[in-house]
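Descriptive analysis of the structure
Here are the chains, one letter per residue:
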Amino acid sequence: MRVLAAMSGGVDSAVAAARAVDAGHDVTGVHLALSRSPGTLRTGSRGCCTIEDSRDAWRAADVLGIPYYVWDFSERFQTDVVDDFVAEYAAGRTPNPCLRCNEKIKFAALLEKALALGFDAVCTGHYAKVVEGPGGLRELHRAADWAKDQSYVLGVLTAEQLQHVLFPLAETPAKAEVRAEAARRGLSVASKPDSHDICFIPDGDTRGWLAERIEMTEGEIKDVEGTVVGTHPGANAFTVGQRKGLRIGTPAPDGKPRFVLEIRPRTNEVVVGPQALLAVDELRGIRPSWAGAPVPEAAALLRTGAAAGAASSAFPVSAQVRAHGDPVPARAHLELVDGPGTGPVPELVVRLEEPLRGVAPGQSVVLYQGTRVLGQATVDRAHSLARPDVAGSRPDPAR
């Protein structure tokens with residue numbers, strides 16, 4: 001096949017490109033220039049789109065003997081990832097920019113351009129597996145190395161996109177093996193540290209970065225009874241489950257730490273309380289998508305053209321709400337709800353068999369059956385079925 005290898009400048013994507021070459025594919029390397037921010041261009045930046053990264057990718061492509069290009073996707077990245085990140089925080093939600101980058105950039109904008117130029121597939125260094133499912137429709141599965149598994153941030157991939165991706169690291173048992181292989185191949189990135197933090201916030205100070213882009217207004221911090229216990233510099237800088245940075249002078253009656261239970265952007269309030277009240281056992285997600293064929297229960301509902309209020313049968317899943325979080329057994333179903341003037345839209349309902357703590361609106365819930373990724377949705381509401389009247393366990397009516 002003609003394969004476009006997305007080369008970030010790290011060891012994983014370099015070895016993935018090398019394996020694609022070994023497999024006999026006609027490989028071309030491309031590095032995506034995603035940011036024009038001066039902070040991401042200096043030596044020591046902790047992201048994944050620096051000038052140093054583009055040079056490291058070029059050196060790897062040179063060793064592999066493949067053509068190499070740099071494509072400027074910075075405008076699309078600004079709109080679809082950075083601006084979305086700011087808008088979500090401004091609305092009191094907690095987004096996952098890496099997942100959004102995969103959805104909008106690497107497997108949408110990049111894949112679209114690759115197919116238009118005659119490539120058959122895009123190859124990346126993600127740790128995930130694509131397998132042939134029933135009827136030839138491909139499925140997304142966890143990687144062999146669960147410690148490095150990245151299937152969570154790939155849960156947004158569609159059935160069509162899965163037809164045109166390669167993940168050569170899928171069966172690699174450990175990251176150490178990738179580094180050893182890079183060293184054997186003479187790739188200078190063999191010992192390069194992994195990127196971490198949010199690539200467009202190179203110093204890691206998310207709150208300070210947001211304060212420059214969102215108008216922060218001092219507001220009240222309240223406990224679950226509605227009593228004012230402190231003030232904050234701006235509700236948008238907080239996230240559900242947060243403990244540090246509250247600066248509440250008055251201790252809780254039980255002497256235990258308080259945690260952020262709820263953010264109310266319209267009233268600029270932050271609700272805090274004991275850690276136990278962070279536990280939720282029902283998630284409701286908007287904009288569900290399926291990584292391959294939808295489960296039969298969901299497909300049956302979507303085929304009917306039913307009115308709002310209709311629901312699918314429940315199906316067993318494991319639900320994961322963080323990239324490296326533990327999956328929790330659950331049952332899920334779709335409900336049709338009134339959309340914004342466009343007729344009924346599906347909403348994903350996930351009822352957890354084990355409570356989760358600190359689930360924030362804006363996070364993604366990714367559903368699995370065994371190792372297979374079924375799909376995902378963006379968490380809109382998370383609450384406790386046992387405590388429907390406790391602040392922090394229900395959606396903010398003002399949101």
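Source: prediction; values computed, not measured.

Our next topic: the sheet that holds strand 4 (residues 121-123). Backbone-to-backbone hydrogen bonds join strands into a sheet, with any given pair of strands oriented parallel or antiparallel. Across the sheet, five strands lie side by side as 3-2-1-4-7; this open sheet has parallel pairing. Looking at the sheet topology across the chains shown, the edges are occupied by strand 3 (68-72) and strand 7 (165-166). As paired elements, strand 2 (residues 26-33) and strand 3 share five bridges and run parallel to each other. Bridge assignment links Ala33 to a residue of strand 3, and that residue is Asp72. Strands strand 1 (2-6), strand 2 and strand 4 of the sheet are contacted by helix 1 (residues 11-22), whose axis makes an angle of about 135° with strand 4. Contacts from helix 4 (residues 97-116) reach strand 1, strand 2, strand 3, strand 4 and strand 7 within the one sheet, and its direction differs from that of strand 2 by about 130°.

In this section: the packing of helix 1 against helix 6 (residues 175-184). Between two packed helices, both the angle of their axes relative to each other and the distance between the axes serve to describe the pair. Between helix 1 and helix 6, the least distance of the axes is 10 Å, while the angle of their chain directions is 65°. Our classification of the angle between helix 1 and helix 6 gives roughly perpendicular. Two packed elements cross with a definite hand, and for helix 1 against helix 6 that hand is left-handed. Contact residues: Val11, Asp12, Val15 and Arg19 in helix 1; Lys175, Glu177, Val178, Arg179, Glu181 and Ala182 in helix 6.

Evaluation of the coordinates by the stated rule reveals eight aromatic pairs. Judged by centre distance (5.3 Å) and plane angle (80°), the ring pair of Phe85 and Phe200 falls under edge-to-face. Pair noted here: Phe85 is in helix 3 (residues 74-90) and Phe200 is in the loop between helix 6 and helix 7 (206-211), with a separation of 115 residues, a long-range link. Take Phe85: its relative accessible area is 2%, and that puts it in the buried class. The class for Phe200 is buried, based on a relative accessible area of 5%. Aromatic side chains Trp290 and Phe315 sit 6.5 Å apart centroid to centroid with 55° between the ring planes, which places their arrangement in the tilted category. Of this pair, Trp290 sits in strand 12 (residues 279-290) while Phe315 sits in strand 13 (residues 315-320), and the two are 25 residues apart along the sequence. Neither Trp290 nor Phe315 differs from the other in exposure class; each is buried.

What counts, and where the lines are drawn
- Residues numbered from 1 in each chain as written.
- Predicted model: local features only at pLDDT ≥ 70, side-chain atom pairs only at ≥ 80, totals over all residues.
- Heavy atoms only, no water.
- Pairing = 2+ DSSP bridges.
- Helix = DSSP H or I, 4+ residues; strand = E, 2+ residues; numbered from the N terminus.
- Contact = heavy atoms within 4.5 Å.
- Axes fitted to C-alpha atoms, helices over the stretch in contact; angles between N-to-C directions.
- Parallel < 35°, antiparallel > 145°, perpendicular 65-115°, else oblique.
- Left-handed = near helix turned anticlockwise from the far one by under 90°.
- Phe/Tyr/Trp six-rings, centres within 6.5 Å; stacked < 30°, edge-to-face > 60°.
- Buried < 20%, exposed > 50% of the residue type's maximum accessible area, 1.4 Å probe, protein only.

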